[in-house]
Amino acid sequence: MTVLKTEGLTKIYGDGQNKVTALDNADFSVEQGEFAAIVGTSGSGKSTLLHMLGGLDRPTSGKVYVENKDIFSMGDEALTIFRRRKIGFVFQSFNLVPTLNVYENIVFPIQLDGNDVDEDFAAEVIDTLGLSDMQERLPNQLSGGQQQRVAIARALAAKPAIILADEPTGNLDTRTSQDVLSLLKTSGQKYQQTIVMITHDEAIAQMADRIIRIEDGRIMTGGAADE
Amino acid sequence: MNKVRNREAIRRLALREMKSDRRMVFVLVLSVVLTCIMFTALTSVGGSLINGVQQETMRQVGGNRMAGVKYVLREDYEKIKADSKTRDVVYHTLVGDLENVKNIRAEVNCAGDEDAAEASFSAPEEGRMPESFDEIAVSTLVLDEFGLPHELGTKIHIELSVDGEITEHDMTLCGYWKGDKVSMAQQCWVSRDFADKYAPEPDTEFAFDGNIKYAGYYMVDLNFANSWDIEGKTEALLSRIYSDGENIPQAGVNWAYTTSSVDGGTLACGIVMLFVVFAAGYLIIYNIFYINISTNIRSYGLLKTIGTTSRQIRRMVRIQAAVYSAIGIPVGIVSGLMLGKVMTKSIMRIMNVYSENSYAVSTKLLALICLISAVFTFATVMISCRKPCRIAAGVSPIEALRYNETDIHTKKKSKKSAKVTPLSIARNNMMRSRKKTVTVVLSLTLSMVLVNTLFTVLRGVDEDKFIKDSIVGDIVIKHSENTQNFSDKIKGITPEMIGEFEQAEGAEVHPVYFDYGSILPDDEACEKVEMLYEKNKDSGDHMEDLKAAVERKKYQAYIYGIDETAANYIEAEEGSIDIEKLKSGRYVIVNTYLWSEKSEDENYVHIYHPGDMIELEDSKGEKHEYEVMAVGTMPYPLSIQMYGLFFTQVVMYDEEFKGLAETLGASKLMINTDDESGRVKEQCKAICEKDGSQLVYTDKQTYIDEFSGLMSMIKLVGGSLAGTLALIGILNFVNAVVTGIINRKRELAMMNAVGMTDVQQKKMLMWEGIHYAVLTAVWSVIIGSGLSLFMGKNMEDGLFFFSYRFTLLPIMICLLILLLLSAAIPYVSYKVICSDSVVDRMREN
């Protein structure tokens with residue numbers, strides 16, 4: 001089943017002389033349970049692509065379908081609500097809410113939705129990511145790797161259709177990067193979670209099921225990753 | 001050392017940056033203007049009032065020099081003039097007094113020169129000083145007294161008294177000037193030849209002996225370099241000149257200088273006001289600068305990254321501040337002067353100041369006011385921008401780029417989990433920077449409490465009470481003499497004048513007669529007086545009067561004669577007032593006054609009680625005995641409104657009084673009328689305004705006007721103070737909210753990214769605002785009630801026309817507004833930052 005699909009996704013910044021085509025007719029799709037890595041150099045348009053996929057930014061033309069729903073047909077408010085239900089984000093700079101503790105950060109999107117937290121599932125996710133001992137700590141008491149694990153837990157806890165990870169290891173050292181990434185991968189497998197990760201780091205990308213290369217806003221390869 | 005020529009670059013950068021955000025520049029300039037208006041208004045009101053009082057006192061005294069040496073000889077004058085520390089030394093020699101004037105006092109003197117005349121406000125405006133033997137220069141008041149035209153060359157017949165010897169002369173008017181009613185005596189200048197003939201310089205030094213002779217002595221007036229410690233300087237001068245310590249002449253300090261410039265209370269009040277304005281200005285400017293700096297913090301970080309030093313950034317901010325001042329201060333001074341003028345006018349109206357020319361602001365004073373305001377405003381601006389400046393300069397490039405308030409200044413390492421809602425996040429956010437929360441809540445509370453207090457005061461001021469204690473009856477006529485001069489003889493309103501008022505149809509005239517007399521206390525009364533002395537002997541020299549009263553068995557009495565209508569206004573403290581008994585002439589109403597520094601009520605001491613007999617000696621020296629019917633005080637508006645240090649007031653029926661008094665004159669007339677058309681008022685007013693009548697007319701309307709003047713004054717001053725504080729409070733609040741939102745721009749974007757909708761974010765921010773409102777509400781209700789109760793009680797004791805009523809209504813109304821504001825401001829600020837997309841906001845990292 002295809003969870004994520006793009007059609008002719010194009011983003012142009014500026015106009016006239018200053019016109020920059022950040023994304024040029026990008027077409028690709030991601031299947032349920034797949035772990036895909038989008039790889040490209042700085043300025044290749046990979047961040048723009050990820051922002052489009054997550055509905056953070058609107059394209060100049062083209063469409064994004066998440067679970068067969070054209071996300072840009074929704075208004076901003078509806079899109080935000082859709083995002084917290086269907087898309088989990090993991091950012092390079094962790095982006096935890098500084099005044100909320102670990103547990104609260106994890107269930108933040110669920111509670112914003114006004115839903116009751118599936119406590120068993122949340123506890124399981126927390127346990128999987130090794131955060132059980134630090135549930136009541138505040139973000140400023142955590143290391144970078146710990147913060148990123150909280151961010152991953154936050155993304156998983158809402159049982160989204162897809163997790164978008166934007167350079168999730170960009171702020172971490174090599175060892176921690178490996179740990180966090182394998183956690184991301186194993187938990188993804190465990191919960192049949194579709195994950196799309198962008199990175200410029202080939203070694204990191206190698207851990208994904210599939211690598212999508214992007215250069216100057218164009219998708220170069222979309223084949224299955226080497227096993 | 002090499003001087004790097006980067007000043008131009010920095011200046012260009014500073015100005016360029018200002019151009020990029022015109023709205024912020026406007027707000028900043030506005031804050032400078034506001035501060036400057038406050039300073040200018042304050043200094044111009046203060047300046048013109050102090051100057052006015054000083055001028056007015058100088059006119060009363062009749063001289064503008066700081067000090068005077070009295071009754072000396074020419075050689076003394078020359079020594080004083082030769083002294084290195086004295087300036088502007090002038091003299092006049094004493095000749096005598098004019099005898100053939102009735103309504104004014106006129107001295108005849110010979111001025112040393114034109115400056116001497118100038119120094120006593122008596123320099124001819126028309127014509128010149130006398131030169132030949134029979135020339136004289138006088139004020140227009142003297143001419144009016146003689147009924148002569150204001151024309152040079154007019155012949156004036158004078159009766160001159162030189163130390164009691166009266167001679168008659170026909171003089172020619174050679175100069176005149178506009179006379180000043182305020183001054184105690186009018187000057188008449190004669191020539192040196194004239195003075196030498198009738199009042200030659202004596203051979204001997206002045207002596208206070210049995211037969212004092214003044215004629216021919218020199219009165220020397222002088223200035224020092226400045227008005228600081230004139231008394232000390234004068235003493236030093238005398239000991240320099242008369243080093244042998246013999247025959248030191250009398251010297252005096254012009255009390256225009258002592259009363260106005262060294263009055264500690266006024267000075268302290270002024271300093272407090274200046275400080276309040278400074279604090280207000282500081283807070284306003286500080287807040288706006290702070291917002292400005294934190295909005296631009298990234299650009300400062302950027303500048304630092306590319307090598308701008310802290311000092312250069314500080315310079316940039318200072319240049320901007322200077323530019324804001326350069327635009328704001330002139331605008332502020334002009335508006336402030338206009339406001340000050342309006343305020344001074346209304347204060348003068350309330351203070352009943354009539355000689356407006358004393359209060360005219362000279363160019364020199366105006367320049368001083370402008371200068372002081374400009375300097376103070378500039379200083380405030382510079383001091384206010386110091387902290388924001390330091391923040392801008394002290395920021396490290398990395399910090400600036402990530403500047404957000406994620407640092408939680410709490411030692412808390414963990415917190416209990418709770419359900420996350422916009423409200424709960426808002427509550428957590430409030431705890432982030434407690435200092436900020438406290439500042440905002442405090443300043444909002446302050447203005448709230450002030451508004452409440454002001455309202456309480458306004459509500460408590462009781463018009464009826466004010467009028468009742470200011471005037472009795474519909475109209476009160478008084479003689480100007482006994483309000484201005486502390487003369488021993490109350491000339492009063494003559495029976496003929498009273499007749500004139502009685503002619504007015506519909507006017508019911510009730511004269512209040514007054515005369516001084518003496519109480520001859522019996523042994524029992526003496527004992528009580530002695531006890532009073534023992535109790536109070538430490539509280540002032542004047543208590544010796546009590547001792548003297550016992551020794552001489554005699555002390556001062558204020559005797560009033562009133563009719564039954566006036567008697568009805570007296571409230572008995574002890575006993576009761578029986579009009580029939582009073583009419584018999586054998587009964588009196590008494591009360592005894594002893595001056596003390598304690599409050600008004602305690603100034604009345606009860607020596608006599610109902611049933612006591614009291615022995616009175618009238619001004620003719622005859623003795624009378626009366627029975628005390630009641631203890632009670634003349635209503636203040638009908639009393640002579642003067643107080644000795646120790647006296648007993650005796651009120652008797654007017655028929656009885658007529659037998660006592662030497663000259664029958666009423667000190668006051670109370671006139672009642674049923675006439676609604678105002679005709680009676682007009683007639684009475686006309687009688688008072690007749691030339692030479694010296695009667696002062698007041699009616700209920702005068703006091704109603706005065707009352708509304710007083711009210712508008714309280715409203716103006718209190719309102720602007722409360723308004724300023726409210727502005728500061730709101731600015732603090734805006735500052736807290738806006739910087740909070742700007743600094744959390746990224747955090748908010750991230751929350752948006754993980755699914756917090758706009759609606760929820762707005763809700764969260766509004767809850768934050770409402771928290772401020774609620775905290776403010778709690779504190780202002782607590783502090784407001786406390787202050788209201790405390791102040792109310794004190795004011796009731798202090799102000800006779802105040803009756804306290806507790807209220808929190810204004811706080812409630814203000815809270816409603818605050819609640820709306822506290823929800824609206826975050827909403828608007830959020831909308832502003834949302835003009836950038838989530839991605840852009842997240843990227844600011």
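Only a predicted model underlies this, so the values are computations on that prediction, with no experimental measurement involved.

Visitor: Tell me what's going on with the side chain of His510 of chain B, and back it up with residues and numbers.
Guide: All names here are of chain B. Within the secondary structure, His510 sits in strand 12 (residues 507-519). At 2.9 Å, the side chain of His510 forms a polar contact with the side chain of Glu508. Within the local environment of His510, its side chain forms a polar contact with the side chain of Asp563, the two groups lying 2.7 Å apart.

Visitor: Provide a residue-level description of a nonpolar patch on the surface, including the pertinent values.
Guide: All names here are of chain B. There is a patch of nonpolar side chains on the surface, built from Val774, Leu775, Val778, Trp779, Ile782, Ile783, Leu787, Phe790 and Leu819 and spanning about 790 Å² of accessible area. No other element matches the 8 residues that helix 28 (residues 758-798) contributes to the nonpolar patch. Along the chain, Val774 falls in helix 28.

Visitor: Describe the pairing of strand 5 (residues 135-139) of chain B, with residues and values.
Guide: Residues and elements named next belong to chain B. Counting buried positions along strand 5 gives 5 out of 5 residues, so the element sits mostly inside the fold. One ladder, built from 5 bridges, connects strand 5 with strand 7 (residues 165-177); its direction is parallel. Bridge pairing in strand 7 links Ala137 to Gly175. Two elements, strand 5 and strand 8 (residues 186-190), share 3 bridges in a ladder whose sense is antiparallel. Residue pairing across strands places Ala137 opposite Trp189, the latter belonging to strand 8.

Visitor: Can you tell me about the interface of chain B and chain A, naming the residues and giving the values?
Guide: Every contact between the two is made by 33 residues of chain B and, on the other side, 32 residues of chain A. Across the interface of chain B and chain A, roughly 3100 Å² is buried in total on both sides, 57% from carbon and sulfur atoms. Applying the counting criterion to the chain B and chain A interface returns 6 residue pairs in polar contact (both at pLDDT 80 or more). Of all the secondary-structure elements, those providing two or more residues to the side of chain B that touches chain A are helix 15 (422-432), helix 27 (745-753), helix 28 and helix 30 (838-843) of chain B.

Visitor: Outline the packing of aromatic side chains, listing residues and values.
Guide: Applying the stated criterion to the full structure yields 25 aromatic pairs over all chains. Ring centres 5.8 Å apart and planes at 35° place the aromatic pair Tyr286 of chain B and Tyr290 of chain B in the tilted group. Of the two residues, Tyr286 of chain B and Tyr290 of chain B both sit in helix 9 (residues 264-295), 4 residues apart, roughly one turn of that helix. Site record: aromatic cluster; members linked through ring pairs are Phe514, Tyr516, Tyr558, Tyr560, Tyr593 and Phe647 of chain B. Above the plane of the ring of Phe121 of chain A lies Lys159 of chain A, whose end atom (NZ or CZ) is 4.9 Å from the centre. Just above the ring of Tyr587 of chain B sits the side chain of Lys581 of chain B; from NZ or CZ to the centre is 5.0 Å.

Visitor: Describe the domain arrangement of chain B, and please don't skip the residues or the numbers.
Guide: All names here are of chain B. For chain B, the assigned domains read domain 1 (1-63 + 254-403), domain 2 (67-228), domain 3 (418-465 + 706-845) and domain 4 (481-693). Note on domain 1 versus domain 2: buried area summed over both sides is about 920 Å², and carbon and sulfur give 65% of it. On the domain 1 side of the contact with domain 2, Arg59, Gln60 and Gly62 bury the most area, a combined 49% of that side's loss. For the pair domain 1 and domain 2, the interface holds 0 salt bridges. Counting the contacts that link domain 1 with domain 2 gives 0 residue pairs in polar contact (both at pLDDT 80 or more). For the side of domain 1 that touches domain 2, the leading source of residues is helix 2 (residues 22-61), giving 5 residues.

Visitor: Account for a positive patch on the surface, with residues named and values stated.
Guide: Residue and element names in this part refer to chain B. On the surface, Arg7, Arg311, Arg314, Arg318, Arg386, Lys387, Arg390 and Lys435 cluster together into a positively charged patch. Elements with a contribution of two residues or more to the positive patch: helix 11 (310-351) and helix 13 (386-394). With respect to the helices and strands, Arg314 occurs in helix 11. Residue classification places Arg314 among the partly exposed residues on the basis of a relative accessible area of 32%.

Visitor: Before we move on, can you summarise the sheet that holds strand 7 (residues 162-166) of chain A with the specific residues and values?
Guide: Residue and element names in this part refer to chain A. Judged by pairing direction, the sheet is mixed, and its 6 strands sit side by side in the order 6-7-8-3-9-10 without closing on themselves. Each edge of the open sheet is held by one strand with a lone partner, namely strand 6 (87-90) and strand 10 (218-221). In this sheet, adjacent strand axes meet at a mean angle of 25° when their direction is disregarded. When strand 6 meets strand 7, the two strands line up parallel, connected through 4 bridges.

Conventions used here
- Residues numbered from 1 in each chain as written.
- Chains lettered and ligands numbered in written order.
- Predicted model: local features only at pLDDT ≥ 70, side-chain atom pairs only at ≥ 80, totals over all residues.
- Heavy atoms only, no water.
- Helix = DSSP H or I, 4+ residues; strand = E, 2+ residues; numbered from the N terminus.
- Polar contact = N/O pair within 3.5 Å; in protein donor to acceptor, adjacent residues only side chain to side chain.
- Patch = residues over 30% accessible without salt bridge, like charges linked within 9 Å, V, L, I, M, F, W, Y side chains within 5 Å.
- Areas by Shrake-Rupley, 256 points an atom, 1.4 Å probe, with all protein chains shown as cover.
- Salt bridge = Lys/Arg side-chain N within 4 Å of Asp/Glu carboxyl O.
- Buried < 20%, exposed > 50% of the residue type's maximum accessible area, 1.4 Å probe, protein only.
- Pairing = 2+ DSSP bridges.
- Contact = heavy atoms within 4.5 Å.
- Buried area = accessible area lost by both parts, 1.4 Å probe.
- Phe/Tyr/Trp six-rings, centres within 6.5 Å; stacked < 30°, edge-to-face > 60°.
- Lys NZ or Arg CZ within 6 Å of the ring centre and 35° of its normal.
- Domains from an automatic or database assignment.
- Lys, Arg positive; Asp, Glu negative; His and termini not counted.
- Charge placed at Lys NZ, Arg CZ, Asp CG, Glu CD.
- Axes fitted to C-alpha atoms, helices over the stretch in contact; angles between N-to-C directions.

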